[in-house]
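These are the residues of each chain, in order.
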Amino acid sequence: MNRTPPTTVTHARLWRWRRNPLRRHSDVVEAWIVLLTWVLAVLGGAVAGLVAAQTAGAAFSARQAQVHAVSAVVTDGTARTPASGTGYDDGRVWATVRWTDAHGTVHTDRTKVVPGAPTGSQVTVWTNRAGHVVSAPVTGAAADLQAALTGALVAPSAGAAVWCAGWVVRSRLIKRRMAEWDEEWKQIGPRWGNLSGGRG
């Protein structure tokens, strides 16, 4: 005796979009929420990443425009070895330097130089408009890399935020639908039991 294998019914993933008597208005709303959530998560994440990268690049360019390099001379002898050996040191030591700006004003400040730099040696320092020594600006490939990394970090975070918001909205919709089903079953359940002879 040949047995016919059971037929498996493949449910269409897009059943909420097609007309059928079981589809409710909330099903259509849920389908739109899921679609919009994914679209906004992908597009929003990409846009947020691009904006973040451009903003970081603009910030690097703005800082570069606010500082400039000057040639200074070391005015005091420095230690031959760094003062501390922590992992954050770059091997340089602090020393006092002096330089003259474009207006002929003499400035002095402290900056890091290589250990053992003799008095009078030339060093290049970056100064702001107030005439104070500041850290060197990020330029060129390093600035491009940092801007790209900023965008790469912001993009998935923004997309995840949009996805979480859509998930919350969908969860509330499902909770509301379950409450509506409970109310409907309270009305239909007793009648269903009578129609099935108490066996339903």
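Our subject in this report is the structure included herewith. (Residues numbered from 1 in each chain as written. Predicted model: local features only at pLDDT ≥ 70, side-chain atom pairs only at ≥ 80, totals over all residues. Heavy atoms only, no water.)

## Re the overall build of the chain
Worth spelling out the cut-off: Secondary structure is summarised from DSSP: a helix means a run of H or I of at least four residues, a strand means a run of E of at least two, and numbering begins at the N terminus for each. Method for areas: the Shrake-Rupley scheme with a 1.4 Å probe, in which residue coverage is limited to the protein chains shown.
Secondary structure summary: the chain contains two helices and five strands in total. Seen in sequence order, the chain has helices and strands lined up from the N terminus as α-β-β-β-β-β-α. Of the roughly 14800 Å² that the chain leaves accessible, carbon and sulfur atoms contribute 61%.

## Comments concerning the pairing of strand 1 (residues 68-74)
The side chains of a regular strand alternate, first on one face of the sheet and then on the other. Note the cut-off: A pair of strands is considered paired only if DSSP assigns at least 2 bridges between the two.
Note: strand 1 against strand 4 (residues 122-127), six bridges, orientation antiparallel. By the bridge assignment, valine 70 is partnered in strand 4 with valine 125. Examined bridge by bridge, strand 1 and strand 2 (residues 93-100) share two bridges and lie antiparallel to one another. When the bridges of strand 2 are listed, valine 73 appears paired with arginine 98.

## Digging into the pairing of strand 2
This is how the line gets drawn: Residue burial is assigned from relative accessible area. The probe radius is 1.4 Å, only protein chains are included, and a residue is buried under 20% of its type maximum, exposed over 50%, and partly exposed in between.
In strand 2, alternate side chains face the same way, and those of Val93, Ala95, Val97 and Trp99 are buried while those of Trp94, Thr96, Arg98 and Thr100 on the opposite face are not. Relative to strand 3 (residues 106-113), strand 2 runs antiparallel, the two being bridged by eight bridges. What sits directly across from valine 93, in strand 3, is valine 113. The antiparallel hairpin formed by strand 2 and strand 3 contains five residues in its connecting segment, where glycine 104 sits at a positive phi of about 90 degrees.

## A few points about the pattern of salt bridges
This is how it is decided: Salt-bridge detection follows one rule: a side-chain nitrogen of Lys or Arg within 4 Å of a carboxyl oxygen of Asp or Glu.
Throughout the structure, instances matching the rule amount to three salt bridges. Note that glutamate 30 is salt-bridged to arginine 170, the shortest N-O span being 2.7 Å. Here glutamate 30, found in helix 1 (residues 25-66), pairs with arginine 170, found in helix 2 (residues 140-195); they are 140 residues apart in sequence, far enough to count as distant. By relative accessible area, glutamate 30 is classed as buried at 2%. Classification of arginine 170 as partly exposed rests on a relative accessible area of 31%.

## Concerning the sheet that holds strand 4
With antiparallel pairing, five strands are arranged side by side in an open sheet as 3-2-1-4-5. Looking at the sheet topology across the chains shown, the edges are occupied by strand 3 and strand 5 (133-134).

## Section: helix 1
Put simply, the rule reads: Helix span, expected: 1.5 Å multiplied by one less than the number of residues in the helix.
Spanning 42 residues, helix 1 covers 59 Å between terminal C-alpha atoms, matching the ideal 62 Å at 1.5 Å per step. Three or more residues of helix 1 are buried, namely Ser26, Asp27, Glu30, Ala31, Ile33, Thr37, Ala41, Gly45, Gly49, Ala52, Ala56 and Phe60.

## What about the nonpolar core?
Worth spelling out the cut-off: By nonpolar core is meant a set of buried Ala, Val, Leu, Ile, Met, Phe, Trp, Tyr and Cys residues that side-chain atoms within 4.5 Å join together. Throughout, a contact is declared for two residues whenever any of their heavy atoms are within 4.5 Å.
Listed in full, the 12 residues of the largest apolar core are Val70, Ala72, Val74, Val93, Ala95, Val97, Trp99, Val113, Ala117, Val123, Val125 and Val133. Those elements that place two or more of their residues in this core are strand 1, strand 2 and strand 4. The greatest single-element share of this core, amounting to four residues, is contributed by strand 2. Contacts of valine 133, omitting those with residues within four sequence positions, involve Trp99, Asp109, Arg110, Thr111, Val125, Trp126 and Thr127.

## So, the side chain of threonine 37
We apply this condition: Whenever a nitrogen or oxygen atom comes within 3.5 Å of another N or O atom, the pair is scored as a polar contact, on the condition that within protein one atom can donate a hydrogen and the other can accept it, and that pairs from neighbouring residues in sequence are kept only if both atoms are in side chains.
By secondary structure assignment, the location of threonine 37 is in helix 1. According to the relative accessible area criterion, threonine 37 is buried, its value standing at 10%. A polar contact of 2.6 Å, which involves the side chain of threonine 37, links it to the backbone oxygen of isoleucine 33. Apart from the residues lying within four places of it in its own chain, the contact partners of threonine 37 are Val162, Trp163 and Gly166.

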